[in-house]
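Each chain, written out:
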Amino acid sequence: MPETTDAPPILGNVPGSYALGVFRERHPALLRQVRDALPYTPDRHRALDLLEDEVARDVIAPLDRSAHDHALWDEGGREMFGRRWVDVPFLWAESYFYRKILHATGYFEEGPWRGVDPFGPVKRAELDGEAVDAELAALDEVAALPAAERERALLLGSLWGNRADLTFAVTRSGQGERVADLVADDSALLWSTLRGREPGTVVVVADNAGRELLPDLLLVDLLLEEGLAAEVVLHVKPYPYFVSDATPADLAEALRRLAAAPGEAGRAGGRLWRATRSGRLRPRAHDFSCAPLPYWDMPVDLRAEFDAASLTITKGDLNYRRLVGDRLWPPSTPFAAVTAYFPGPLVALRTLKSDALVGIDPEVLAALDATGRPWRTSGTHAMIQGRP
Ligand SMILES: O=P(O)(O)OC[C@@]1(O)O[C@H](CO)[C@@H](O)[C@@H]1O
């Protein structure tokens, strides 16, 4: 755990805050979307009614006794049950909400809905869309760039891929113009860490499926092709989470989409397919990836894995929130100080979609605040932060 822990956790009960909007607007809209996405049977609709009611009454209830993991959530939720969703840590409350969606839709239960991803239809629509065709075709031009520019383009592709987050689409927020100037840019550290040693294992902790995972895979291909990594371990979520988070099934679909594409994208897809087969690209789906916990609470096996890696790259806003404990640190607190507990070199790629923020130069902060725009939460800005 970081030495300074007096930074308060982010809660949803602050009027006008981003987190409050998530509970009041995004979650009810998401429940409607889930209900309409698949031809759910009456039992599932009744379970969704109950969840909708719980959200509307704004009192957190324990997970149903029939849930296989209810004891685990009972333990973590002991101090949360009976309270308002907005009064408990945002990170815990959101994770619990997604766990409850899986319960309501029967994802873990006996019966026909077992293993059916409630967010599958929206993820599939995105992956099959024309926007993806265009993004994959653009790779032909990227491949023709000089090496340094190609590296930068693929890194930025993966970084900005994080804007394609289907939770944002639920309420059509986060569609603003992207601002090319990065709020922080430790990309030099990423390349020097990889080049400063024998190629080792790079761990990539992925975030969203589809339009984020595809450019992540292209970055992985670059690392393997250029000998910057001997192998890549790619963490995805063991089950559906936060609407568009990538699961093993989404990874398989993304690899199929890439491998079937024409041109450079298809060639990269073929290489990644073979790398998966030979074990140089190793998918992982650890339970901790869906835990409502900061990374400083990681279990020993993950700690050992990150410790042995030549570099860990985390993707996305939620992983960033977990890295900094989803707390309101003074924004100038160095990223290296807050993440000192993390075993091994670390780089976080993230578009800003929540209030968690560290490592910002005070002048940059003042200039951004002076714009009067919601730059911290609208996905218009991005950052690369790391520590050796
Ligand atoms: O990790 P991602 O996909 O970049 O972002 C997920 C995310 O935008 O969704 C939440 C809203 O439900 C935010 O609080 C959160 O950080």
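Everything numeric here is computed off the predicted structure, so don't read it as measured data.

## Here we look at the overall build of the protein
In step 1: Broken down by element type, the protein carries 17 helices and seven strands.
In step 2: The C-alpha radius of gyration of the protein comes to 20 Å, within 12% of the 21 Å expected for a compact globule of 388 residues.
In step 3: Dimensions of the protein along its principal axes, counting C-alpha atoms only, are 55 × 45 × 40 Å.
In step 4: Here the protein holds 388 residues, and 45% of them are scored as buried.
In step 5: By sequence separation, contacts in the protein at least 24 residues apart represent 79% of the contacts at least 6 residues apart.

## Brief notes about the pairing of strand β7 (residues 382-387)
In step 1: In terms of burial, β7 is largely enclosed, as six of its six residues are buried.
In step 2: Across two bridges, the pairing between strand β1 (residues 184-185) and β7 is parallel. By the bridge assignment for β7, Asp-185 is matched with Ile-384.
In step 3: Pairing analysis gives six bridges linking strand β6 (residues 346-351) to β7, with the strands arranged antiparallel. Bridge assignment links Thr-351 to a residue of β7, and that residue is Ala-382.

## Brief notes about the domain arrangement of the protein
In step 1: Split into domains, the protein comes out as domain 1 (18-104) and domain 2 (146-387).
In step 2: Listed per partner, the contact involves 15 residues of domain 1 and 16 residues of domain 2.
In step 3: Those elements that provide at least two residues to the side of domain 1 that touches domain 2 are α1 (18-37) and α4 (90-104).
In step 4: Here the residues of the side of domain 1 that touches domain 2 sort into ten nonpolar, three polar and two charged.

## Re the sheet that holds strand β5 (residues 311-315)
In step 1: The sheet built from seven strands is open, its strands ordered β1-β7-β6-β5-β2-β3-β4 with mixed pairing. Across the chains shown, the open sheet's two edge strands, defined by having one partner strand only, are β1 and β4 (281-284).
In step 2: Sheet strands in contact with helix α10 (residues 187-195) are β1, β5, β6 and β7, and its direction is about 45 degrees off that of β7.
In step 3: In the packing of helix α15 (residues 316-323) onto the sheet, contacts are made with β2 (200-205), β5 and β6, and the angle to β6 comes to roughly 130 degrees.

## Things to note about the environment of Arg-152
In step 1: Within the secondary structure, Arg-152 sits in helix α8 (residues 147-161).
In step 2: Residue classification places Arg-152 among the partly exposed positions, given that 14 C-beta atoms sit within 10 Å.

## Some thoughts on the packing of helix α2 (residues 42-57) against α4
In step 1: Contact geometry for α2 and α4: axes closest at 8 Å, N-to-C directions at 155 degrees. On the basis of the axis angle, α2 is roughly antiparallel to α4. For the pair α2 and α4, contact is made by Arg-44, Ala-47, Leu-48 and Leu-51 and by Lys-100, Ile-101 and Ala-104, respectively.
In step 2: Among the residues forming the contact of α2 with α4, the class breakdown is five nonpolar, no polar and two charged.

## Here we look at the nonpolar core
In step 1: Judged by nonpolar contacts, the single largest core of 96 residues is most densely connected at Val-202, Val-204, Val-220, Leu-223, Val-232 and Leu-258.
In step 2: Each of domain 1 (18-104) and domain 2 (146-387) gives at least three residues to this core.
In step 3: Aside from chain neighbours lying at most four places away, what touches Val-232 is Val-202, Val-204, Val-220, Leu-223, Leu-224 and Leu-281.

## Here we look at unusual backbone geometry
In step 1: Notably, Asp-58 is not glycine yet its phi reads approximately 60 degrees, a positive angle.
In step 2: Structurally, Asp-58 can be placed in the loop between α2 and α3 (70-77).
In step 3: Positive phi is not limited to glycine here, since Asp-326 has a value of about 50 degrees.
In step 4: Among the secondary structure elements, Asp-326 is positioned in the loop between α15 and α16 (335-338).
In step 5: Residue Asp-326 is classed as buried on the basis of its C-beta count, with 25 C-beta atoms lying within 10 Å.

## What about the environment of Asp-53?
In step 1: Note that Asp-53 resides in helix α2.
In step 2: With 11 C-beta atoms packed within 10 Å, Asp-53 lands in the exposed category.
In step 3: Considering only alpha carbons, one finds Asp-53 and Val-86, 33 residues apart in sequence, at a separation of 15 Å.

## Let's talk about the packing of helix α11 (residues 213-225) against helix α12 (residues 248-259)
In step 1: Their axes nearest at 10 Å, the elements α11 and α12 cross at an angle of 70 degrees. Taken together, the axes of α11 and α12 are roughly perpendicular relative to one another. In this structure, α11 uses Leu-213, Leu-214 and Leu-217 to contact α12, whose residues at the interface are Asp-250, Leu-251, Ala-254, Arg-257 and Leu-258.
In step 2: Class assignment for the residues of the contact of α11 with α12 results in six nonpolar, no polar and two charged.

## Notes on the pairing of β5
In step 1: Counting buried residues along β5, five of its five residues qualify, which places the element largely inside the surrounding structure.
In step 2: Neither face of β5 is exposed, since Leu-311, Ile-313 and Lys-315 on one face and Thr-312 and Thr-314 on the opposite face are all buried.
In step 3: Examined bridge by bridge, β2 and β5 share four bridges and lie parallel to one another. Opposite Val-202, over in β5, you have Leu-311 as the bridge partner.
In step 4: In the sheet, β5 pairs with β6 via four bridges, with the strands oriented parallel. Counted as the bridge partner of Thr-314 is Ala-348 from β6.

Quick notes on the rules
Going along each chain's sequence as written, the residues are numbered from 1 onward. With pLDDT at 70 or above as the cut-off, local features in this predicted model cover only qualifying residues; side-chain atom pairs require 80 or more to be listed or tallied, and sums for whole chains, interfaces and linings still use all residues. Secondary structure counts use DSSP, requiring at least four H or I residues in a row for a helix and at least two E residues in a row for a strand, with both numbered from the N terminus. We compute the radius of gyration from the C-alpha atoms alone; for a globule the expected value is 2.2 Å times N to the 0.38, where N is the number of residues. Three exposure classes are used. Buried residues have 20 or more other C-beta atoms within 10 Å of their own C-beta, exposed residues have 12 or fewer, and partly exposed residues fall in between, all C-beta atoms being placed from the backbone. Contact between two residues is assigned whenever their backbone-derived C-beta positions fall within 7 Å. The pairing criterion is simple: DSSP has to find at least two bridges between the two strands. Those domain boundaries reflect an automatic or database domain assignment. Three categories are distinguished: nonpolar for Ala, Val, Leu, Ile, Met, Phe, Trp, Tyr, Cys and Pro, charged for Asp, Glu, Lys and Arg, and polar for the others, with Gly belonging to the last. Angles run from 0 to 180 degrees between N-to-C directions of axes, and those axes are lines fitted to C-alpha atoms, restricted for helices to the stretch in contact. Just so you know how the angles are binned, under 35 degrees is roughly parallel, over 145 roughly antiparallel, 65 to 115 roughly perpendicular, and the rest oblique. Nonpolar cores are identified as sets of buried Ala, Val, Leu, Ile, Met, Phe, Trp, Tyr and Cys residues joined via C-beta atoms within 7 Å.

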